[in-house]
Amino acid sequence: MNSNLSYILWNPDDTAFRIGPLSMHWYSLCWLVGLLLAYLIVRKLYKEQKIKDELFEPLFLYCFIGILIGARLGHCLFYQPDVYLSSWTHFVEMILPIEFNGNGDWHFTGYRGLASHGGTFGLMIALWLYVRKTGLNIWRVLDNIAIATPATAFFIRIGNLMNSEIIGKPTDVPWAFVFQQIDMLPRHPGQLYEAIAYALLMLIGWSVYRRRPQRVGTGFFFGMCLTYIFTARFLIEFTKEIQEPFEASLPINMGQILSLPFIAIGIACMAGGKWMRRLGTEK
(Lines give C-alpha, C1' and ligand atoms only; values in the text may rest on other atoms or scores of the structure.)
Protein backbone atom coordinates (compact mmCIF):
# COMPACT_ATOMS: atom_id res chain seq x y z
CA MET A 1 0.00 0.00 0.00
CA ASN A 2 1.50 3.32 -1.09
CA SER A 3 0.25 6.87 -1.21
CA ASN A 4 0.01 8.89 -4.40
CA LEU A 5 -0.67 12.56 -3.64
CA SER A 6 -3.66 12.34 -1.30
CA TYR A 7 -4.86 8.94 -2.54
CA ILE A 8 -3.98 5.39 -1.58
CA LEU A 9 -2.71 3.04 -4.28
CA TRP A 10 -4.21 -0.37 -3.63
CA ASN A 11 -2.93 -3.48 -5.36
CA PRO A 12 -2.29 -6.24 -2.79
CA ASP A 13 -1.52 -9.82 -3.72
CA ASP A 14 -4.73 -11.81 -3.27
CA THR A 15 -2.71 -14.63 -1.67
CA ALA A 16 -2.05 -14.31 2.07
CA PHE A 17 0.56 -17.07 2.25
CA ARG A 18 1.75 -20.24 0.55
CA ILE A 19 2.86 -23.57 1.97
CA GLY A 20 4.42 -25.61 -0.80
CA PRO A 21 1.87 -26.01 -3.61
CA LEU A 22 -0.98 -24.86 -1.37
CA SER A 23 -2.00 -21.21 -1.05
CA MET A 24 -4.42 -19.34 1.19
CA HIS A 25 -6.22 -16.35 -0.32
CA TRP A 26 -6.94 -13.29 1.79
CA TYR A 27 -10.69 -13.60 1.26
CA SER A 28 -10.77 -17.20 2.47
CA LEU A 29 -8.52 -16.34 5.41
CA CYS A 30 -10.75 -13.43 6.42
CA TRP A 31 -13.83 -15.65 6.26
CA LEU A 32 -12.16 -18.23 8.49
CA VAL A 33 -10.93 -15.66 11.02
CA GLY A 34 -14.37 -14.02 11.15
CA LEU A 35 -16.13 -17.35 11.71
CA LEU A 36 -13.58 -18.39 14.35
CA LEU A 37 -14.10 -15.15 16.29
CA ALA A 38 -17.87 -15.56 16.14
CA TYR A 39 -17.47 -19.18 17.32
CA LEU A 40 -15.39 -18.10 20.33
CA ILE A 41 -17.73 -15.23 21.23
CA VAL A 42 -20.87 -17.37 21.12
CA ARG A 43 -19.14 -20.13 23.09
CA LYS A 44 -18.30 -17.59 25.79
CA LEU A 45 -21.90 -16.34 25.82
CA TYR A 46 -23.28 -19.86 26.12
CA LYS A 47 -20.99 -20.59 29.07
CA GLU A 48 -21.95 -17.34 30.82
CA GLN A 49 -25.62 -18.19 30.32
CA LYS A 50 -25.02 -21.76 31.56
CA ILE A 51 -26.28 -23.38 28.38
CA LYS A 52 -25.18 -27.00 28.10
CA ASP A 53 -22.07 -27.71 26.00
CA GLU A 54 -23.85 -30.40 24.01
CA LEU A 55 -26.35 -27.79 22.83
CA PHE A 56 -23.55 -25.56 21.58
CA GLU A 57 -21.55 -28.13 19.60
CA PRO A 58 -23.85 -28.45 16.52
CA LEU A 59 -24.36 -24.67 16.26
CA PHE A 60 -21.25 -23.89 14.22
CA LEU A 61 -22.08 -26.50 11.57
CA TYR A 62 -25.64 -25.20 11.19
CA CYS A 63 -24.40 -21.62 10.86
CA PHE A 64 -21.61 -22.43 8.41
CA ILE A 65 -23.83 -24.43 6.06
CA GLY A 66 -26.71 -21.96 6.29
CA ILE A 67 -24.53 -18.92 5.58
CA LEU A 68 -22.67 -20.58 2.69
CA ILE A 69 -25.77 -21.92 0.93
CA GLY A 70 -27.76 -18.74 1.52
CA ALA A 71 -24.95 -16.41 0.41
CA ARG A 72 -24.29 -18.42 -2.74
CA LEU A 73 -27.93 -18.74 -3.78
CA GLY A 74 -28.50 -15.10 -2.89
CA HIS A 75 -25.76 -13.94 -5.25
CA CYS A 76 -26.82 -16.20 -8.10
CA LEU A 77 -30.56 -15.61 -7.86
CA PHE A 78 -30.60 -11.91 -6.89
CA TYR A 79 -27.74 -10.63 -9.02
CA GLN A 80 -27.18 -13.09 -11.90
CA PRO A 81 -30.33 -15.17 -12.48
CA ASP A 82 -29.97 -14.67 -16.24
CA VAL A 83 -26.65 -16.53 -16.07
CA TYR A 84 -27.21 -19.29 -13.53
CA LEU A 85 -30.73 -20.21 -14.65
CA SER A 86 -29.90 -20.11 -18.35
CA SER A 87 -28.53 -23.66 -18.69
CA TRP A 88 -28.00 -26.89 -16.80
CA THR A 89 -24.22 -26.39 -16.60
CA HIS A 90 -24.59 -22.91 -15.08
CA PHE A 91 -27.16 -24.28 -12.63
CA VAL A 92 -24.60 -26.86 -11.51
CA GLU A 93 -22.01 -24.07 -11.16
CA MET A 94 -24.43 -22.31 -8.82
CA ILE A 95 -24.50 -25.35 -6.52
CA LEU A 96 -20.92 -26.62 -6.82
CA PRO A 97 -17.68 -24.56 -6.64
CA ILE A 98 -16.65 -25.48 -10.19
CA GLU A 99 -16.68 -23.96 -13.67
CA PHE A 100 -17.22 -25.85 -16.92
CA ASN A 101 -14.97 -25.24 -19.91
CA GLY A 102 -16.26 -25.01 -23.44
CA ASN A 103 -15.13 -28.57 -24.21
CA GLY A 104 -17.16 -30.08 -21.39
CA ASP A 105 -14.34 -30.34 -18.86
CA TRP A 106 -14.50 -28.54 -15.52
CA HIS A 107 -12.11 -27.12 -12.95
CA PHE A 108 -12.39 -26.07 -9.31
CA THR A 109 -12.90 -22.33 -8.78
CA GLY A 110 -14.35 -21.93 -5.30
CA TYR A 111 -17.51 -19.90 -4.85
CA ARG A 112 -16.99 -16.67 -6.80
CA GLY A 113 -19.91 -14.63 -5.63
CA LEU A 114 -21.54 -14.58 -2.19
CA ALA A 115 -24.32 -12.18 -1.16
CA SER A 116 -24.62 -11.02 2.45
CA HIS A 117 -28.42 -10.71 2.24
CA GLY A 118 -28.70 -14.32 1.13
CA GLY A 119 -26.24 -15.36 3.83
CA THR A 120 -28.37 -13.64 6.48
CA PHE A 121 -31.52 -15.37 5.25
CA GLY A 122 -29.72 -18.73 5.11
CA LEU A 123 -28.43 -18.21 8.65
CA MET A 124 -31.94 -17.48 9.94
CA ILE A 125 -33.28 -20.70 8.42
CA ALA A 126 -30.31 -22.67 9.81
CA LEU A 127 -30.90 -21.27 13.30
CA TRP A 128 -34.59 -22.17 13.09
CA LEU A 129 -33.61 -25.77 12.29
CA TYR A 130 -31.04 -25.68 15.12
CA VAL A 131 -33.57 -24.62 17.76
CA ARG A 132 -36.01 -27.26 16.54
CA LYS A 133 -33.32 -29.86 17.24
CA THR A 134 -32.06 -28.48 20.55
CA GLY A 135 -35.23 -27.03 22.05
CA LEU A 136 -33.49 -23.77 22.96
CA ASN A 137 -35.41 -20.51 22.92
CA ILE A 138 -35.05 -19.13 19.41
CA TRP A 139 -34.74 -15.54 20.63
CA ARG A 140 -31.91 -16.42 22.98
CA VAL A 141 -30.05 -18.10 20.12
CA LEU A 142 -30.71 -15.23 17.71
CA ASP A 143 -29.54 -12.64 20.25
CA ASN A 144 -26.32 -14.53 20.99
CA ILE A 145 -25.55 -14.91 17.30
CA ALA A 146 -26.32 -11.23 16.73
CA ILE A 147 -23.77 -10.15 19.34
CA ALA A 148 -21.08 -12.12 17.49
CA THR A 149 -22.15 -11.42 13.89
CA PRO A 150 -20.39 -8.02 13.48
CA ALA A 151 -17.00 -9.68 13.99
CA THR A 152 -17.58 -11.96 11.01
CA ALA A 153 -19.06 -9.14 8.92
CA PHE A 154 -16.00 -6.97 9.64
CA PHE A 155 -13.53 -9.58 8.37
CA ILE A 156 -15.62 -10.44 5.31
CA ARG A 157 -15.50 -6.81 4.19
CA ILE A 158 -11.75 -6.71 4.84
CA GLY A 159 -11.55 -9.74 2.56
CA ASN A 160 -13.48 -7.82 -0.11
CA LEU A 161 -11.02 -4.95 0.28
CA MET A 162 -8.04 -7.29 -0.15
CA ASN A 163 -9.71 -8.67 -3.30
CA SER A 164 -10.38 -5.17 -4.69
CA GLU A 165 -14.05 -6.06 -5.14
CA ILE A 166 -17.33 -4.27 -4.37
CA ILE A 167 -15.56 -1.01 -5.21
CA GLY A 168 -16.87 2.50 -4.62
CA LYS A 169 -17.74 5.27 -7.03
CA PRO A 170 -15.08 7.71 -8.26
CA THR A 171 -14.42 10.50 -5.77
CA ASP A 172 -11.90 13.19 -4.84
CA VAL A 173 -12.00 12.66 -1.06
CA PRO A 174 -8.46 12.56 0.38
CA TRP A 175 -8.87 9.00 1.68
CA ALA A 176 -9.87 7.60 -1.73
CA PHE A 177 -8.37 4.29 -2.87
CA VAL A 178 -7.00 3.70 -6.35
CA PHE A 179 -7.84 0.05 -7.04
CA GLN A 180 -5.11 -0.69 -9.56
CA GLN A 181 -6.58 -4.05 -10.51
CA ILE A 182 -9.72 -2.20 -11.69
CA ASP A 183 -8.57 1.16 -13.04
CA MET A 184 -6.55 4.20 -11.97
CA LEU A 185 -9.50 6.24 -10.69
CA PRO A 186 -9.64 7.32 -7.03
CA ARG A 187 -12.72 5.67 -5.53
CA HIS A 188 -14.62 5.42 -2.26
CA PRO A 189 -13.37 2.42 -0.22
CA GLY A 190 -16.91 1.15 0.36
CA GLN A 191 -15.61 -2.11 1.81
CA LEU A 192 -13.66 -0.17 4.45
CA TYR A 193 -16.67 1.99 5.28
CA GLU A 194 -18.69 -1.13 6.00
CA ALA A 195 -15.88 -2.79 7.97
CA ILE A 196 -15.59 0.26 10.23
CA ALA A 197 -19.38 0.37 10.71
CA TYR A 198 -19.42 -3.30 11.74
CA ALA A 199 -16.50 -2.84 14.13
CA LEU A 200 -18.45 -0.05 15.85
CA LEU A 201 -21.51 -2.31 16.09
CA MET A 202 -19.36 -4.98 17.72
CA LEU A 203 -18.30 -2.50 20.42
CA ILE A 204 -21.86 -1.20 20.89
CA GLY A 205 -23.43 -4.65 21.09
CA TRP A 206 -20.86 -5.98 23.56
CA SER A 207 -21.19 -2.87 25.74
CA VAL A 208 -24.99 -3.15 25.85
CA TYR A 209 -24.74 -6.87 26.64
CA ARG A 210 -22.38 -6.23 29.56
CA ARG A 211 -24.75 -3.63 30.98
CA ARG A 212 -28.03 -5.41 30.21
CA PRO A 213 -27.36 -9.17 29.88
CA GLN A 214 -31.01 -9.82 30.76
CA ARG A 215 -31.97 -8.54 27.31
CA VAL A 216 -30.61 -11.71 25.74
CA GLY A 217 -33.66 -13.76 24.80
CA THR A 218 -35.92 -10.78 24.11
CA GLY A 219 -34.92 -10.33 20.46
CA PHE A 220 -33.40 -6.93 21.18
CA PHE A 221 -29.84 -7.76 20.08
CA PHE A 222 -31.08 -9.56 16.97
CA GLY A 223 -33.19 -6.54 16.07
CA MET A 224 -30.38 -4.10 16.77
CA CYS A 225 -27.97 -6.11 14.62
CA LEU A 226 -30.34 -6.28 11.64
CA THR A 227 -31.36 -2.63 11.90
CA TYR A 228 -27.81 -1.32 12.27
CA ILE A 229 -26.11 -3.50 9.67
CA PHE A 230 -28.67 -3.08 6.92
CA THR A 231 -29.23 0.62 7.57
CA ALA A 232 -25.46 1.10 7.31
CA ARG A 233 -25.45 -1.06 4.19
CA PHE A 234 -28.30 0.94 2.65
CA LEU A 235 -26.51 4.27 3.21
CA ILE A 236 -23.04 3.08 2.19
CA GLU A 237 -24.45 1.67 -1.06
CA PHE A 238 -24.79 5.28 -2.28
CA THR A 239 -20.96 5.41 -2.42
CA LYS A 240 -20.56 2.08 -4.26
CA GLU A 241 -20.65 1.07 -7.90
CA ILE A 242 -23.51 -1.17 -9.00
CA GLN A 243 -22.55 -4.84 -9.22
CA GLU A 244 -24.68 -5.80 -12.22
CA PRO A 245 -25.75 -3.72 -15.28
CA PHE A 246 -29.50 -4.21 -14.69
CA GLU A 247 -29.22 -2.20 -11.44
CA ALA A 248 -28.60 0.98 -13.45
CA SER A 249 -32.30 1.07 -14.35
CA LEU A 250 -33.45 0.77 -10.73
CA PRO A 251 -34.22 3.77 -8.47
CA ILE A 252 -31.98 2.20 -5.80
CA ASN A 253 -29.61 -0.72 -6.26
CA MET A 254 -30.31 -4.36 -5.45
CA GLY A 255 -28.32 -4.26 -2.21
CA GLN A 256 -30.52 -1.42 -0.96
CA ILE A 257 -33.75 -3.10 -2.06
CA LEU A 258 -32.80 -6.30 -0.24
CA SER A 259 -31.81 -4.34 2.88
CA LEU A 260 -35.27 -2.84 3.43
CA PRO A 261 -37.05 -6.02 4.66
CA PHE A 262 -34.23 -6.75 7.11
CA ILE A 263 -34.41 -3.19 8.48
CA ALA A 264 -38.17 -3.58 8.99
CA ILE A 265 -37.72 -6.93 10.77
CA GLY A 266 -34.98 -5.46 12.94
CA ILE A 267 -37.10 -2.50 14.02
CA ALA A 268 -40.02 -4.81 14.83
CA CYS A 269 -37.79 -7.02 17.00
CA MET A 270 -36.31 -4.07 18.88
CA ALA A 271 -39.77 -2.57 19.45
CA GLY A 272 -41.10 -5.68 21.13
CA GLY A 273 -43.02 -8.40 19.35
CA LYS A 274 -44.01 -10.55 22.38
CA TRP A 275 -46.25 -12.62 20.15
CA MET A 276 -43.20 -13.67 18.09
CA ARG A 277 -41.20 -14.70 21.16
CA ARG A 278 -43.85 -17.22 22.12
CA LEU A 279 -42.58 -19.37 19.23
CA GLY A 280 -39.57 -20.49 21.30
CA THR A 281 -39.50 -22.73 24.37
CA GLU A 282 -36.54 -22.78 26.75
CA LYS A 283 -34.77 -26.04 27.51
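Residues numbered from 1 in each chain as written. Predicted model: local features only at pLDDT ≥ 70, side-chain atom pairs only at ≥ 80, totals over all residues. Heavy atoms only, no water.

Identification of the protein chain as Phosphatidylglycerol--prolipoprotein diacylglyceryl transferase from Leyella lascolaii is taken from an unreviewed UniProt entry. Per UniProt, the protein chain carries the Sequence similarities (unreviewed entry) text "Belongs to the Lgt family." Its UniProt record, at the heading Function (unreviewed entry), says of the protein chain: "Catalyzes the transfer of the diacylglyceryl group from phosphatidylglycerol to the sulfhydryl group of the N-terminal cysteine of a prolipoprotein, the first step in the formation of mature lipoproteins." (UniProt positions renumbered as here; feature names shortened; annotations may be inferred.)

Peer 1: Lay out the overall build of the protein chain with the relevant residues and their values.
Peer 2: Across its full length, the protein chain carries 11 helices and eight strands. For a compact globule of 283 residues, the expected C-alpha radius of gyration is about 19 Å, and the protein chain comes in at 20 Å, within 12% of that figure. Counting only C-alpha atoms and orienting by the principal axes, one finds that the protein chain spans roughly 55 × 50 × 45 Å. With 283 residues in all, the protein chain has 47% of them scored as buried. When contacts within the protein chain are restricted to residue pairs at least 6 apart in sequence, those whose partners lie at least 24 apart make up 65%. Here the protein chain has roughly 14,900 Å² of accessible surface; of this, 67% comes from carbon and sulfur atoms. Here the protein chain carries 24 positive and 20 negative side-chain charges, and the mean point of each set is 16 Å from the other. (Helix = DSSP H or I, 4+ residues; strand = E, 2+ residues; numbered from the N terminus. Rg over C-alpha atoms; globule rule 2.2 N^0.38 Å. Buried < 20%, exposed > 50% of the residue type's maximum accessible area, 1.4 Å probe, protein only. Contact = heavy atoms within 4.5 Å. Areas by Shrake-Rupley, 256 points an atom, 1.4 Å probe, with all protein chains shown as cover. Lys, Arg positive; Asp, Glu negative; His and termini not counted. Charge placed at Lys NZ, Arg CZ, Asp CG, Glu CD.)

Peer 1: Could you give an account of the UniProt feature "transmembrane region" (unreviewed entry) in the protein chain, with specific residues and numbers?
Peer 2: On the UniProt side, "transmembrane region" (unreviewed entry) is annotated at positions that read residues 26-46, 58-80, 114-131, 138-156, 192-209, 216-236 and 256-276 here. For residues 26-46, the helix share is 100%, the strand share is 0%, and the end-to-end C-alpha distance is 30 Å. Taken end to end, residues 138-156 has its terminal C-alpha atoms 26 Å apart, with 100% of it in helix and 0% in strand.

Peer 1: Tell me what's going on with the environment of Phe121, and back it up with residues and numbers.
Peer 2: Locating Phe121 in the fold gives a position in helix α6 (residues 116-134). Spatially, the C-alpha atoms of Phe121 and Phe262 are 9.2 Å apart, while their sequence positions differ by 141 residues.

Peer 1: How would you explain the pattern of salt bridges if you had to name every residue and give the values?
Peer 2: A side chain of one charge can pair with a side chain of the opposite charge when the charged atoms of the two come close. Within the structure shown, the criterion is met by 10 salt bridges. For Lys44, the salt bridge identified is with Glu48, shortest N-O distance 3.3 Å. Residue Lys44 and its partner Glu48 are located together in helix α1 (residues 26-48), separated by four residues, close to a single helical turn. You can call Glu48 partly exposed: its relative accessible area is 31%. With its nearest N and O atoms 2.7 Å apart, the salt bridge here joins Glu237 to Lys240. For Lys240, a relative accessible area of 2% gives the class buried. Here the salt bridges share partners, and the residues they tie into one network are Arg157, Glu194, Arg233, Glu237 and Lys240. (Salt bridge = Lys/Arg side-chain N within 4 Å of Asp/Glu carboxyl O.)

Peer 1: For the packing of aromatic side chains, give the residues involved together with the corresponding values.
Peer 2: Within the structure shown, the criterion is met by 15 aromatic pairs. In this structure an aromatic cluster arises from ring pairing among Tyr39, Tyr46, Phe56, Phe60 and Phe64. Across the ring face of Phe220, the terminal group of Arg215 is positioned such that the distance to the ring centre comes to 4.2 Å. (Phe/Tyr/Trp six-rings, centres within 6.5 Å; stacked < 30°, edge-to-face > 60°. Lys NZ or Arg CZ within 6 Å of the ring centre and 35° of its normal.)

Peer 1: Summarise helix α7 (residues 138-162); cite the residues concerned and give the values.
Peer 2: If you check α7, its first and last C-alpha atoms are 35 Å apart, about what 25 residues at 1.5 Å a residue would give, namely 36 Å. For α7, the principal kink sits at Ala148 and spans about 35 degrees; a proline, Pro150, occurs within the next four residues. Between the side-chain oxygen at the start of α7 and the backbone nitrogen of Trp139 there is a gap of 2.8 Å, and the oxygen is on Asn137. Among the residues trailing α7, Ser164 stands out with phi positive, at a value near 55 degrees. (Expected span 1.5 Å × (residues − 1). Bend = angle between axes of the 7 residues up to and from the residue. Polar contact = N/O pair within 3.5 Å; in protein donor to acceptor, adjacent residues only side chain to side chain.)

Peer 1: Before we move on, could you go through the confidence of the model for the protein chain and cite the residues and values that matter?
Peer 2: Averaged over all residues, the pLDDT of the protein chain is 87; the fraction at 70 or higher stands at 92%. Low confidence marks residues 279-283, where pLDDT is under 50. Its contacts with residues over four positions away, or in another chain, come to 12 contacts. (pLDDT = per-residue confidence, 0-100.)

Peer 1: Can you explain the side chain of Ser259? Please cite residues and give values.
Peer 2: Mapped onto the fold, Ser259 is located in helix α10 (residues 254-271). Engagement of the side chain of Ser259 in a polar contact is seen with the backbone oxygen of Gly255, the distance being 2.7 Å. When sequence neighbours within four positions are dropped, the list of residues in contact with Ser259 reads His117, Phe230, Arg233 and Phe234.

Peer 1: Pulling in residues and values, what's your account of the nonpolar core?
Peer 2: Of all hydrophobic cores here, the largest spans 50 residues; its most connected members are Tyr46, Leu59, Leu127, Tyr130, Val141, Ile145 and Phe221. Those elements that place two or more of their residues in this core are α1, α2 (53-56), α3 (59-79), α6, α7, α8 (190-211), α9 (220-236) and α10. Aside from chain neighbours lying at most four places away, what touches Val141 is Tyr46, Leu127, Tyr130, Val131 and Leu136. Grouped together as the second largest cluster of nonpolar side chains are nine residues, Trp10, Cys30, Ile167 and Phe177 included. (Core = buried A, V, L, I, M, F, W, Y, C linked by side-chain atoms within 4.5 Å.)

Peer 1: A description of the pairing of strand β3 (residues 15-19) should follow, citing residues and the corresponding values.
Peer 2: For β3 and strand β4 (residues 22-25), the ladder comprises four bridges, and the chain directions are antiparallel. Residue pairing across strands places Arg18 opposite Ser23, the latter belonging to β4. (Pairing = 2+ DSSP bridges.)

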